[in-house]
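Architecture at a glance
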Amino acid sequence: MGAEQSVPDDVASKFEADEIRRLSHSFNKLDLNKNGSLSVDEFLSIPELQQNPLVRRVIDILDTDRNGEVDFQEFIQGVSQFSVKGEKEKKLRFAFRIYDINQDGFISNGELFQVLKTMVGNNLTEKQLQEIVDKTILYADKDGDGKISFQEFCDVVGNMDVPSKMFVEIRPVPPSPPSASPGTP
C-alpha cells in the first residue's frame, strides 16, 4: 500500500478507500523520477495544467514544508480540500491563499495585481489592471486598511458560491494495457 498508509485520519475521512488508492496511483504515475515527491515540471506533465496560469501558486500552497516539491502527504492534504466532502471554509482559505502571496493573512494591492496579471497575461494594460485592482480593494476593504482580510474576502466571494465549484472528481484508474510477450506480434 505504501503512500496510502500515510494518510492522516482527517484527510482519509474525506475519501473512500478506493479513491485513496486512485489518488496514490495518480501520484505515483506523476512522480516521473520516482523520488516520492512531485516537482513543478512533473505537475506540468498534466496537459490540463500546462496552460493554467495559477498552477505554480497552487503548488506553492500545497508545498507546506517549502522544499520546492509536493510529497504524497502534501498532495493528499491539498486534494482533500477539493473533495466533495471538503469544508466550505477550507476551500475559501485555499482560494484566499492563492492571492495572499506573502502569507501575512491579507491580500494587498500588489499581491492582487500580481495574481491577476498572471491570470490575464497581456490581455489588459497595466493601467487597466491597476484600475480593476484598486476598485476591487475599495469594494472589498470594509475596514479601510487598504488590504483585504480573509473575512472581507469571504464576504465577497462566499456569496458567489465559489466553494461548491472547488472540487475534484476522482475517476477510476484505466486498466494498464496488456504487455506483449516476446515473440508475440
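Calculation criteria
Residues numbered from 1 in each chain as written. Predicted model: local features only at pLDDT ≥ 70, side-chain atom pairs only at ≥ 80, totals over all residues. Heavy atoms only, no water. UniProt positions renumbered as here; feature names shortened; annotations may be inferred. Helix = DSSP H or I, 4+ residues; strand = E, 2+ residues; numbered from the N terminus. Buried < 20%, exposed > 50% of the residue type's maximum accessible area, 1.4 Å probe, protein only. Contact = heavy atoms within 4.5 Å. Areas by Shrake-Rupley, 256 points an atom, 1.4 Å probe, with all protein chains shown as cover. Phe/Tyr/Trp six-rings, centres within 6.5 Å; stacked < 30°, edge-to-face > 60°. Salt bridge = Lys/Arg side-chain N within 4 Å of Asp/Glu carboxyl O. Polar contact = N/O pair within 3.5 Å; in protein donor to acceptor, adjacent residues only side chain to side chain.

- Under an unreviewed UniProt entry, the name given to the protein is Calcineurin subunit B type 1, and the organism recorded is Geodia barretti.
- Among the UniProt annotations of the protein, the heading Sequence similarities (unreviewed entry) holds the following wording: "Belongs to the calcineurin regulatory subunit family."

**Re the overall build of the protein**
- Along the backbone of the protein there are 11 helices and four strands.
- Each of the 185 residues in the protein was classed as buried or not, and the buried ones make up 37%.
- By sequence separation, contacts in the protein at least 24 residues apart represent 55% of the contacts at least 6 residues apart.
- As presented, the protein carries roughly 11,300 Å² of accessible surface, and 55% of it is formed by carbon and sulfur atoms.

**What about the packing of aromatic side chains?**
- Tallying each qualifying case throughout the model produces six aromatic pairs.
- Summarising the aromatic geometry, the rings of phenylalanine 27 and phenylalanine 72 are spaced 5.3 Å apart at their centres and angled 80 degrees between planes, so their arrangement reads as edge-to-face. In this pair, phenylalanine 27 is assigned in helix H2 (residues 17-30) and phenylalanine 72 in helix H6 (residues 72-80), connecting sequence segments 45 residues apart.
- On the basis of an interplanar angle of 35 degrees and a centroid distance of 6.3 Å, the ring pair of phenylalanine 72 and phenylalanine 75 is categorised as tilted.

**Section: the pattern of salt bridges**
- The full count for this structure, using the stated rule, is four salt bridges.
- Arginine 21 serves as the salt-bridge partner of aspartate 18, at 3.6 Å between the closest nitrogen and oxygen. In this pair, aspartate 18 and arginine 21 are both assigned in helix H2, three residues apart and thus about one turn of the helix distant.
- On the basis of relative accessibility, which here comes to 36%, the residue aspartate 18 falls in the partly exposed class.
- Classification of arginine 21 as partly exposed rests on a relative accessible area of 39%.
- Here arginine 22 and aspartate 18 are joined by a salt bridge, their closest N and O atoms 2.6 Å apart. Taken together, the positions of arginine 22 and aspartate 18, both in helix H2 and four residues apart, correspond to about one turn of that helix.
- Given a relative accessible area of 14%, arginine 22 falls into the buried group.

**Some words on the environment of asparagine 109**
- Considering the arrangement of structural elements, one finds asparagine 109 in helix H8 (residues 109-120).
- On a C-alpha basis, the gap between asparagine 109 and lysine 147 in space is 6.6 Å, while along the polypeptide they are 38 residues apart.
- Not counting chain neighbours up to four residues away, the residues in contact with asparagine 109 comprise Gln130, Val133, Asp134 and Ile137.
- Side chain to side chain, asparagine 109 and glutamine 130 meet in a polar contact 2.7 Å long.

**What to know about the UniProt feature "domain: EF-hand" (unreviewed entry) in the protein**
- The sites that carry the UniProt feature "domain: EF-hand" (unreviewed entry) are, in the present numbering, residues 50-85, 87-122 and 128-163.
- Counted over residues 87-122, helix gives 67% and strand 6%. Its end C-alpha atoms are 35 Å apart.

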